[in-house]
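What the coordinates show
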Amino acid sequence: MPFSPHPILAQHFDSGDVAFAKIDQEIAILEENIRTLRAFRNTFTATYSIPPEVLTRIFSFARRLPGYDWIALTHVSQYWRSVALGSPSLWSYISSHYPEHVVNEWLQRSKSAPLTVNLNNIQNAAFIGESLFRIRELILQLRASCWDELVNTLSSQAPLLEYLSVSTSNNRPPSNVSNTMFGGMAPPLRRLELTNCSIDTNSSLFPNFTVLQLCNPPQKFKATELLRVLQRTPRLTSLTLSEVLRTDDPSVSSRSGIITLSFLESISIRGRSFIQDLGIVSQLSFPTTSSVRFNSMTKTGLDVTPAFADFVNVLNAARQQSLPSLQTSVPSSRLSLHCSWHKFTLEITIDSPQTSSATDFLKLELEAAGVWSRRLEIPDTSEIAFLLPTLPISTLTSFSTDCDIGIETWANVFGSLSHLSRISAAGPLAINILFAIAGDFNSIRKIADRKRAQNQAKKNTRGTKKKGKGKGIRGGDGNETNMDSTGESDSDWDFIFPVLGALDLHRTTFPESAEYLIDALQARKTIDKGVDLGVYGCQISEGMIDALDGVVPQLVRDRQMGPKAEKRGEPFRLKKPYGL
């Protein structure tokens, strides 16, 4: 087949410049045709099979990568790039970390989409003033001097602003959210978070808040001023206060003019005076389902009785039901009670049906201005015995503590709980829980005797069937219950810790021998109520280990922390516990 030259080659050109221009024009046309063909070929690949809405969703997740590395995804194909450029919301997050030309380009690509702006300097903040009308979230982390420069650009109205967070690194000069910001109006503003920044208690921004967080404002509030603010925020769902009260301001002592926060879900207070913090809570009324967190100071760690008394009384008064629709029981799942060198912590978590997880119901952290005693060393008649019965623990399933709890409290407060299945106790008197079980030996022995009588009756009647005997019936909850010849079931037998299945003891001392304790654990095992026992860092003899191993379903021992006294040939002696 003869060679057929390109039509342009057959043309006659008067000069080389004309030829070059004509040839370059033809090359450009051919290259554009090649790009078009390649783009058409790519439509048959997997990358083009992803729907635009799904691809946009993927880009939105990738956008959370540090910086703007996700931009590389827009270069995968022309289709991906067109989808990204056609989604203004993908370009609506503006950070001062971006170079100025990137900020300007993203502002154009975001078109009229609401903006989220995060600034930690004001080098690229010139756009704030002219873009304020479409900013929905504004996060500012600046030096106080930079804040003063920026605040003048925030004088126009912000009709879309829903979230404002201001954090300044120092308080000199004091930073302040003035009444003139946003033209004195920001109706959609729902969330305000201020750190090292003050706000006028008469600000027009307050009424619609659902989230309010005030941390270490330079100008501290009087208690009455803070209460006026809360009175103007009836829609609050979350309240966080940290170091907000003046130390020279007297605490509120009476429940006058109670402020009802019907929608409050969580309240967190951190301050230098536990009494002051309680004074604020004493003026509030919120649902019983609200999560409460205290991190406060006391004058001394030695006298906590008044603090506990006020705490329980005030909390019970504040947890009044604000809405009838919120009347629910509190399904407590875990309780933790600990005392360290300088802090006393009480924490209750509950099962949350909404999230299928556990959430804080109450967390109290008392920090002494002086020093707590290393251990509370308290008998049953003191603070813990007073505090525990007042707490919502009827549905408690797990409890951990390193406080010294007496035998009577173990038996009377925890022994009656019908859901408590796991306990972890630490300290010299952690052994008291076993003595509480041993003190209930008579009840357990009666049950064991009945069990043996039942088993013997079944053996005697083996091979015969008698109506109404030897058969399980179903109780009101649908579970099968064993009945003996007297018509009594297992559930009728009254003994402490009815569902306890796991007990961990830490850093306590076991007696060298205790027949009544072994007998009690053996009796529980006989009636299928045995307790798995964990022994960690305890002083315990090998003889006691062997005895326990035969009377509990499972024994776990921390062998690396074995009894030092035993190695020296010294017998173990246990101090007489409270109530024994």
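Residues numbered from 1 in each chain as written. Predicted model: local features only at pLDDT ≥ 70, side-chain atom pairs only at ≥ 80, totals over all residues. Heavy atoms only, no water.

1. Digging into the overall build of the chain
Along its length, the chain carries 16 helices and 23 strands. Partitioning the intrachain contacts of the chain with sequence separation of at least 6 by distance along the chain shows that 68% fall at a separation of at least 24. A total accessible area of about 30,400 Å² is found for the chain, and carbon and sulfur atoms account for 52% of it. (Helix = DSSP H or I, 4+ residues; strand = E, 2+ residues; numbered from the N terminus. Contact = heavy atoms within 4.5 Å. Areas by Shrake-Rupley, 256 points an atom, 1.4 Å probe, with all protein chains shown as cover.)

2. Considering the pairing of strand β11 (residues 266-270)
Of the two faces of β11, the one lined by I267 and I269 is fully buried and the one lined by S266, S268 and R270 carries no buried residue. Bridge count for β11 against strand β13 (residues 291-298) is five bridges, and the pairing is parallel. Following the sheet pairing, I269 is matched in β13 by F294. (Buried < 20%, exposed > 50% of the residue type's maximum accessible area, 1.4 Å probe, protein only. Pairing = 2+ DSSP bridges.)

3. Topic: the pairing of strand β2 (residues 115-119)
Successive side chains on a regular strand alternate, one facing one side of the sheet and the next facing the other. When you tally the buried positions in β2, you get five out of five residues, the bulk of the element. You can see the chain leave strand β1 (residues 93-95), run along helix α4 (residues 100-109) and come back into β2, and the turn it takes is right-handed. Of the pairings in the sheet, the one linking β2 to strand β3 (residues 135-142) comprises five bridges and is parallel in character. Bridging from a neighbouring strand, L119 pairs with L140 of β3. (Right-handed = clockwise from strand over helix to strand, strands pointing away.)

4. Looking at the nonpolar core
Core analysis: the largest hydrophobic core is formed by 144 residues, its most contacted members being F414 and L505. It is helix α9 (residues 305-318) that contributes the most residues to this core, seven residues altogether. Sequence-distant contacts of L505, defined by excluding residues within four places in its chain, comprise A425, A430, I431, I433, L434, F510, L533, G534, V535, Y536 and C538. (Core = buried A, V, L, I, M, F, W, Y, C linked by side-chain atoms within 4.5 Å.)

5. Describing the packing of aromatic side chains
Per the counting criterion, the structure on display carries 14 aromatic pairs. Aromatic side chains F59 and W80 sit 5.9 Å apart centroid to centroid with 70° between the ring planes, which places their arrangement in the edge-to-face category. One end of the pair, F59, is in helix α2 (residues 52-62); the other, W80, is in helix α3 (residues 78-85), and 21 residues separate them in sequence. The same class applies to F59 as to W80, namely buried. Measuring from ring centre to ring centre gives 6.3 Å for F435 and Y516, while their planes differ by 35°; the resulting arrangement is tilted. (Phe/Tyr/Trp six-rings, centres within 6.5 Å; stacked < 30°, edge-to-face > 60°.)

6. Thoughts on the pattern of salt bridges
Considering all chains together, one arrives at 11 salt bridges under this definition. Among the salt bridges present, the one from D248 reaches R246, with a minimum N-O distance of 3.2 Å. The residue E365 makes a salt bridge to K343 at a minimum N-O spacing of 3.7 Å. Separated by 22 residues along the polypeptide, E365 in strand β16 (residues 357-368) and K343 in strand β15 (residues 343-352) bring together distant segments of the chain. (Salt bridge = Lys/Arg side-chain N within 4 Å of Asp/Glu carboxyl O.)

7. Observations regarding helix α15 (residues 542-549)
If you check which residues of α15 are buried, you get M544, I545 and L548. Considered in projection along α15, the buried side chains sweep an arc of 105° and stay on one side of the axis. On the buried face of α15, the contacting elements are α14 (515-526), β22 (532-536) and β23 (555-557). (Arc of directions from axis to C-beta.)

8. Considerations on helix α11 (residues 407-414)
A large share of α11 lies buried, amounting to six of its eight residues. The complete set of buried residues in α11 reads I407, T409, W410, A411, V413 and F414.

9. A word on the packing of α11 against helix α12 (residues 432-439)
Where α11 contacts α12, the two axes come as close as 8 Å, and the packing angle between them is 65°. Between α11 and α12, the angle is such that the two are roughly perpendicular. Taken as a pair, α11 and α12 cross one another with a handedness that is right-handed. Contacts between α11 and α12 involve I407, W410 and A411 from the first element and N432, I433, F435 and A436 from the second. (Axes fitted to C-alpha atoms, helices over the stretch in contact; angles between N-to-C directions. Parallel < 35°, antiparallel > 145°, perpendicular 65-115°, else oblique. Left-handed = near helix turned anticlockwise from the far one by under 90°.)

10. Observations regarding the packing of α2 against α3
α3 packs onto α2 with a crossing angle of 75° between their chain directions and a minimal axis gap of 10 Å. The angle between the axes of α2 and α3 places the two elements in the roughly perpendicular class. Between α2 and α3, the residues in contact are P52, L55, T56 and F59 and Y79, W80, V83 and A84, respectively. Considering only residue class, the contact of α2 with α3 consists of seven nonpolar, one polar and no charged. (Nonpolar A, V, L, I, M, F, W, Y, C, P; charged D, E, K, R; others polar.)

11. Things to note about the environment of D277
Structurally, the position occupied by D277 is in helix α8 (residues 274-281). Residue D277 is classed as buried on the basis of its relative accessible area, which comes to 4%. Through-space distance from the C-alpha of D277 to that of N295 is 9.2 Å; in sequence the pair is 18 residues apart. Residue contacts for D277: discarding those within four places in its chain leaves L245, I269, R270, G271, F294 and S296. A polar contact of 3.4 Å, which involves the side chain of D277, links it to the backbone nitrogen of G271. (Polar contact = N/O pair within 3.5 Å; in protein donor to acceptor, adjacent residues only side chain to side chain.)

12. Overview of the confidence of the model for the chain
Per-chain confidence: the chain averages 79 in pLDDT, with 78% of residues scoring 70 or above. For residues 465-492, every residue scores under 50 in pLDDT, and the model assigns this stretch 28 contacts once sequence neighbours within four places are set aside. Taken as a whole, residues 560-580 scores under 50 in pLDDT and shows 40 contacts with residues more than four places along the chain or in a different chain. (pLDDT = per-residue confidence, 0-100.)

13. Looking at the side chain of Q283
Mapped onto the fold, Q283 is located in the loop between α8 and β12 (284-285). Using a relative accessible area of 2% as the deciding quantity, one classes Q283 as buried. Of note is the side chain of Q283, whose polar atom sits 3.2 Å from the side chain of S282.

14. Quick look at unusual backbone geometry
Even without glycine at this site, E243 takes up a positive phi of about 55°. Relative to the helices and strands, E243 resides in the loop between β9 (238-242) and β10 (259-260). Backbone geometry places F497, a non-glycine residue, at a positive phi of 50°.

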